[in-house]
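The lines below spell out each chain.
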Amino acid sequence: MKVRSVVNYLVLIVISTSSLRCQTLPGFYDTYQLALKNSRDHNQVLMIDFFTDWCKPCKKLDKEVYGSKAFYEYTKQLSCVKVDFESEEGGELGKKYNVGSFPTIVFVKPSGEEIERITGYFPKKRYLSEVARIIGGKNTVPEMEARFPEQTSYTDLFHLSFYYSRRNYNPQKRDVYFQAFKKLDPNLQKDSTVLLTNLLFQQSLMREDLKDLSKAKEFVLGNPKPVYQSELAIRIAEALVEEKKIEDAYLFFKSYMTLIDPKRNKRAREYMKALEKMRKK
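All of these numbers come straight from a predicted model, not from anything done at the bench.

Peer 1: Please clarify how the sheet that holds strand 3 (residues 78-84) should be interpreted in this entry.
Peer 2: The strands making up a sheet associate through backbone hydrogen bonding, with each pair oriented either parallel or antiparallel. Taken in spatial order, the five strands of this open sheet run 1-3-2-4-5, and their pairing is mixed. The strands lining the two open edges of the sheet, one partner per strand, are strand 1 (28-29) and strand 5 (114-119). Where strand 1 and strand 3 come together, two bridges link them in parallel fashion. Residue pairing in the sheet places Phe28 in a bridge with Cys80 of strand 3. Strands in contact with helix 2 (residues 32-42) are strand 1, strand 2 (45-51) and strand 3; relative to strand 3, the strand with the most contacts, it is inclined by about 160°. Helix 6 (residues 124-135) contacts strand 2, strand 3, strand 4 (104-108) and strand 5 of the sheet and is inclined by roughly 175° relative to strand 5.

Peer 1: What am I meant to see in unusual backbone geometry here?
Peer 2: Among all residues save glycine, negative phi is the norm, and among peptide bonds the norm is trans. The amide bond that connects Phe102 to the next residue, Pro103, takes the cis arrangement and shows omega of -5°. Inspection of the secondary structure assignment puts Pro103 in the loop between helix 5 (88-96) and strand 4. For the bond from Phe148 to Pro149, the omega torsion is 0°, close enough to zero to count as cis. Position of Pro149 among the secondary structure elements: in the loop between helix 7 (141-147) and helix 8 (154-167). At Asn43, a position not held by glycine, the phi torsion is positive, near 55°. Inspection of the secondary structure puts Asn43 in the loop between helix 2 and strand 2. On the basis of relative accessible area, Asn43 is assigned to the exposed category, the value being 63%. Although it is not a glycine, Asn139 adopts a positive phi angle of roughly 55°. Its place among the elements puts Asn139 in the loop between helix 6 and helix 7. Classification of Asn139 by relative accessible area gives partly exposed; the value is 30%.

Peer 1: Mind showing me how you'd approach the state of the cysteines here?
Peer 2: Structurally, a disulfide amounts to a covalent bond that connects the sulfur atoms of two cysteines. Evaluated as defined, the whole model comprises one disulfide. The residue that forms a disulfide with Cys55 is Cys58, at a sulfur-sulfur distance of 2.2 Å. Here the disulfide of Cys55 and Cys58 is right-handed, its torsion about the S-S bond being about 85°. Summarising the burial analysis for this pair, Cys55 and Cys58 share the class buried.

The rules behind these values
Residues numbered from 1 in each chain as written. Predicted model: local features only at pLDDT ≥ 70, side-chain atom pairs only at ≥ 80, totals over all residues. Heavy atoms only, no water. Pairing = 2+ DSSP bridges. Helix = DSSP H or I, 4+ residues; strand = E, 2+ residues; numbered from the N terminus. Contact = heavy atoms within 4.5 Å. Axes fitted to C-alpha atoms, helices over the stretch in contact; angles between N-to-C directions. Buried < 20%, exposed > 50% of the residue type's maximum accessible area, 1.4 Å probe, protein only. Disulfide = S-S within 2.5 Å.

Printed below as a string of structure tokens:
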């Protein structure tokens with residue numbers, strides 16, 4: 001074989017091999033089907049990154065995490081693929097795994113059963129830590145569920161409740177785990193209990209279109225401590241303003257402000273000023 005022919009042959013081999021992997025992200029497969037096949041052939045966890053072209057956190061994740069040498073090492077233990085949610089195949093696959101925000105990274109067994117997921121952008125160090133935990137099967141959702149109810153800890157129950165309420169919405173499982181979780185802190189003394197209760201309460205309000213405002217106000221004023229509670233307080237006040245009940249909105253938010261530290265909550269301070277201006281008009 002001539003030298004030139006040998007070179008051309010080697011180039012073809014390189015091109016054929018690299019076509020199985022994403023050219024811009026080393027270690028990623030080009031298609032879901034190729035990644036799935038490798039997952040099954042080598043009994044590896046399959047990592048599916050659902051993205052869209054307009055998703056800025058998705059691009060940030062590509063650049064800062066997936067493009068790093070540290071993450072490349074994990075691709076030797078994972079079958080990784082990026083799936084465009086707005087493509088036909090990506091849309092169907094997204095429905096299967098109940099994807100509703102981007103980026104959403106779903107980790108599944110070769111059988112297709114979900115192990116865990118990461119929703120949103122994480123900095124590299126935290127992201128790699130989560131990937132290592134999932135690959136190692138440490139405190140994953142299936143492992144925690146296997147411990148329930150006899151050996152489930154407060155942390156386990158929080159993780160399971162949060163997972164099924166926000167990451168992989170399943171009302172039946174969510175309610176079982178949340179009720180068990182709340183029994184460990186019935187008076188909402190811990191921030192994590194309030195965080196989860198807040199999340200579920202907001203979901204309830206969204207389903208009911210903020211119709212039960214008296215119940216919502218009672219909840220916020222009874223649990224004002226976490227900084228993020230102000231977002232729910234603002235939503236309630238905005239709903240009252242939309243109903244042209246500016247005075248009610250002002251009095252409610254004023255009561256809320258007396259229960260928190262305004263210096264630590266810029267968003268709440270700014271909204272209080274906005275309500276005061278509305279009231280004066």
